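Residue-level structural notes
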Amino acid sequence: MPTLLDNAMKSKNAVLAFSGLVTAALAWSMWGGNVFPADADPKGDPQEWTREELRRWLAARNLHPQDRDTREQLLERVKANMR
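Residues numbered from 1 in each chain as written. Predicted model: local features only at pLDDT ≥ 70, side-chain atom pairs only at ≥ 80, totals over all residues. Heavy atoms only, no water.

1. A few points about the overall build of the protein
Put simply, the test is: Numbered from the N terminus, helices here are DSSP runs of H or I no shorter than four residues, and strands are runs of E no shorter than two. Computation of the radius of gyration draws on C-alpha atoms alone. For the globule rule, the value is 2.2 Å times the number of residues to the power 0.38. Only protein chains enter the accessibility calculation, which uses a 1.4 Å probe; a residue is then buried when its area is under 20% of its type maximum, exposed when over 50%, and partly exposed in between. In this description, contact between two residues means that some pair of their heavy atoms is separated by no more than 4.5 Å. For every accessible area listed, the method is Shrake-Rupley and the probe measures 1.4 Å; residues are considered covered only by the protein chains on display. Under the counting rule used here, the positive set is Lys and Arg, the negative set is Asp and Glu, and His together with the chain ends is not counted. For the purpose of locating charges, the reference atoms are NZ of Lys, CZ of Arg, CG of Asp and CD of Glu.
Across its full length, the protein holds four helices and zero strands. The order of α-helices and β-strands along the protein, N terminus first, is α-α-α-α. Computed over the C-alpha atoms, the radius of gyration of the protein is 25 Å, more than 25% above the 12 Å expected from 2.2 N^0.38 for a compact globule of 83 residues. On the principal axes, the C-alpha backbone points of the protein span a range of 80 × 25 × 20 Å. Scored against the burial criterion, the 83 residues of the protein give a buried share of 14%. Nonlocal contacts in the protein, meaning residues at least 24 apart in sequence, comprise 21% of its contacts between residues at least 6 apart. With an accessible surface of roughly 7,000 Å², the protein has 59% of that area assigned to carbon and sulfur atoms. Both charge centroids of the protein, one from 12 positive and one from 11 negative side chains, sit 6 Å from each other.

Pasting the structure below:
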């Protein structure tokens, strides 16, 4: 008399779903969950950073830069939030 485990193993869908989960877990562990790493913080004096570098620095600290902010406004916010 077949058990519940025997019946489950005969189902192709269950076997394919399980193998898909195992494959996904393996791929995640191989890539370390960091498939698209974030850009590094800009280095040096903030006076020399571009507008995009200023925005990236603020966004990395959840300070939510606005699209309409000027470079001077962004620079002021960066300097105010630097330690």
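Past the structure itself, the notes keep going.
2. What about the nonpolar core?
For clarity, the threshold we go by: Among buried residues, the Ala, Val, Leu, Ile, Met, Phe, Trp, Tyr and Cys ones that are joined through side-chain atoms within 4.5 Å form a nonpolar core.
If you look at the biggest cluster of nonpolar residues, it comprises seven residues: W49, L54, W57, L58, L74, L75 and V78. Elements represented by at least two residues in this core include exactly α3 (51–60) and α4 (71–81). Contact partners of L58, with chain neighbours within four places excluded, come to L63, H64, P65, L74, R77 and V78.

3. Side note on the pattern of salt bridges
This is how it is decided: Note on definitions: salt bridges are taken to be side-chain nitrogens of Lys or Arg within 4 Å of carboxyl oxygens of Asp or Glu.
This model, assessed by the stated rule, comprises five salt bridges. In this structure, the salt-bridge partner of D41 is R61, at a minimum N-O distance of 2.6 Å. Of the two residues, D41 is situated in the loop between α2 (12–31) and α3 and R61 in the loop between α3 and α4; the sequence distance between them amounts to 20 residues. Look at D41 and you get partly exposed, because its relative accessible area is 30%. On the basis of relative accessibility, which here comes to 34%, the residue R61 falls in the partly exposed class. Here R77 and D69 are joined by a salt bridge, their closest N and O atoms 3.7 Å apart.

4. Topic: the confidence of the model for the protein
Let me state the cut-off plainly: Residue-level confidence of the predictor, termed pLDDT, takes values from 0 up to 100.
Averaged over every residue, the pLDDT of the protein is 88; the share at 70 or more is 95%. Put simply, helix α1 (residues 4–10) is where the protein has its lowest mean pLDDT, 78, and α4 is where it has its highest, 95.

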